[in-house]
Amino acid sequence: MSKKPVTPPARKVAVLGAGSWGTTFAKILADGGNDVMLWARREELAQDINDTHRNSDYLRGIRLPVNLVATSSMADAVKLAEQVYLCVPSQTLRENLVQLAPLLREDQIVISLMKGVERKTGLRMSEVIAEELPISPEMVAVASGPNLALEIAKEQPTAAVISSESLETASTVALTVSNSYFRCFVNTDVPGTEFGGVLKNLIAVAVGIVDGVGYGHNTKASIITRGLAEMTDFAVAYGAQPETLSGLAGLGDLIATCESPLSRNNTAGRLLGQGYTLKEVTNQMQQTAEGLASVAPVLTLARAREVDMPIVEQVAQVLAGTLDPKDIAPHLTTDTDEPQGERSLDDYQARGGGVVWGALKRAFNQLRDSPGSPSGD
């Protein structure tokens, strides 16, 4: 006897942020049978969405469901919502949370759709949410995966992962979000899920640069593969599970972002590779390429845990104008001319355990510097 599909209950939900991804996610939720209130900062954009059932500014050509209503009032958007989805630029999250905090109830689940780290603090988005909102960490979730907005808006089948410290919260959100073309999986590895979404943007910028220069598939495949190794080393150093980086939030998102011309980060990198300056690229981009803003804070975090990230280092040099894009070859950069193992086990066998010792050293430093340690004051 075949199992009947699970039909999630219809919920009232709010999505804050009416860019391409916020609007697309509002459509996902509406197509799942939920009543959706989409908050747009500009009144004229909210009015256009309500009048035409389209977001002509950010999602041209896509008709929006009738159960998706827009407003420019954040209070009206969240008032009746059971779940609140945040999709604003990562560098403006904190100021938006200050506005949201007095409007929020304790029983509302808050979900981050953003893929970035705060430039000033290096905090992940869920960590910024924890600082600014008076809610339990178990009421916070994050969503990530290979999610190019336009493809999903066209209802092309895809998958994502919902992560929360509470598996019950993650499952509740996953049921709410899933529909006929969008499937959600769950995990409890919030750092791994968030860092996967952050770090793949940086690798996508690197792939875009070499694409803009004119290098071929071998170069790009090498950077993608070694980029995944960098992503995993970094995320594990900050408490993530390595298998998360091999899943939708890591490898899946990395492939989509590096290979698609729809990717803002890949596009930004390609423009850099074609000789445009960072300022010129920023001026050309209609929407935020989160990878450009995340390079500096990610490198600061990497150095703090002694994680080598040669790909991200060379992207930083291109952004600073100190490295000609045609000279970029981060997958060839190592700290020694000796052959290195592709995996940690290979390195351990080839060099007497140097990589393993490095991992142990990072773990020791993490324990030493943790708030609960004797020397953590």
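Let me begin by describing the structure that accompanies this report.

What counts, and where the lines are drawn
Residues numbered from 1 in each chain as written. Predicted model: local features only at pLDDT ≥ 70, side-chain atom pairs only at ≥ 80, totals over all residues. Heavy atoms only, no water. Helix = DSSP H or I, 4+ residues; strand = E, 2+ residues; numbered from the N terminus. Contact = heavy atoms within 4.5 Å. Core = buried A, V, L, I, M, F, W, Y, C linked by side-chain atoms within 4.5 Å. Buried < 20%, exposed > 50% of the residue type's maximum accessible area, 1.4 Å probe, protein only. Phe/Tyr/Trp six-rings, centres within 6.5 Å; stacked < 30°, edge-to-face > 60°. Lys NZ or Arg CZ within 6 Å of the ring centre and 35° of its normal. Salt bridge = Lys/Arg side-chain N within 4 Å of Asp/Glu carboxyl O. Polar contact = N/O pair within 3.5 Å; in protein donor to acceptor, adjacent residues only side chain to side chain.

Remarks on the environment of G192
For G192, the position within the fold is in helix α8 (residues 190-213). The spacing of G192 and A249 is 57 residues in sequence and 7.9 Å in space, taken between C-alpha atoms. Filtering out sequence-adjacent residues up to four positions away, G192 remains in contact with A240, T244 and L245.

A closer look at the nonpolar core
In terms of nonpolar packing, the biggest core is built from 44 residues, with F234, L272, V298 and M309 touching the most fellow members. Ranked by the residues each element gives to this core, the list is headed by α8, at 11 residues. If you look at the next biggest cluster of nonpolar residues, it comprises 40 residues, including W21, L38, A153 and A174.

Quick word on the packing of aromatic side chains
Centre-to-centre distance and the angle between the planes together describe a pair of aromatic rings. In total, this model carries six aromatic pairs according to the counting rule given. Look at F25 and Y85: their rings are 5.5 Å apart centre to centre, the planes differ by 40°, and that puts the pair in the tilted class. You can see F25 sitting in helix α1 (residues 20-31) and its partner Y85 sitting in strand β4 (residues 83-86), a full 60 residues away along the chain. For Y85, a relative accessible area of 0% puts it in the buried group. Here F195 and Y238 contribute two aromatic rings whose centre-to-centre distance is 5.9 Å and whose plane-to-plane angle is 55°, an arrangement assigned as tilted. With F195 in helix α8 and Y238 in the loop between α9 (217-237) and α10 (242-245), this residue pair connects regions lying 43 residues apart in the sequence. Of the aromatic side chains, those joined through ring pairs into one cluster are W21, F25, Y85 and F182. The positively charged end of R183 is found above the aromatic ring belonging to F185, 4.7 Å away from the centroid. A cation over an aromatic ring shows up here: R305 above the ring of Y238, its NZ or CZ 4.1 Å from the ring centre.

Focus on the pattern of salt bridges
Summed over all chains, the structure comprises 18 salt bridges. Between E82 and R11 there is a salt bridge, with its nearest N and O atoms 3.0 Å apart. Of the two residues, E82 is situated in the loop between α3 (74-78) and β4 and R11 in the segment before β1 (12-16); the sequence distance between them amounts to 71 residues. The class for R11 is buried, based on a relative accessible area of 19%. Through salt bridges with shared partners, a single network forms among R94, E118, E131 and E132.

Quick notes on unusual backbone geometry
Keep in mind that most residues, glycine aside, have a negative phi and that most peptide bonds are trans. With phi around 65°, E155 is a residue other than glycine that occupies positive phi space. Along the chain, E155 turns up in the loop between α6 (149-153) and β7 (158-164). Even without being glycine, E306 reaches a positive phi, approximately 55°. For E306, the location among the structural elements is in the loop between α14 (290-304) and α15 (310-320).

Notes on the side chain of N187
With respect to the element layout, N187 can be found in strand β8 (residues 182-187). Within the structure, the side chain of N187 is placed 2.6 Å from the side chain of S163, a separation counted as a polar contact. Discounting residues that sit within four places of it in the chain, N187 has contacts with V161, I162, S163, S164, A170, T193 and T244.

By themselves, these observations are geometric and do not establish any function.
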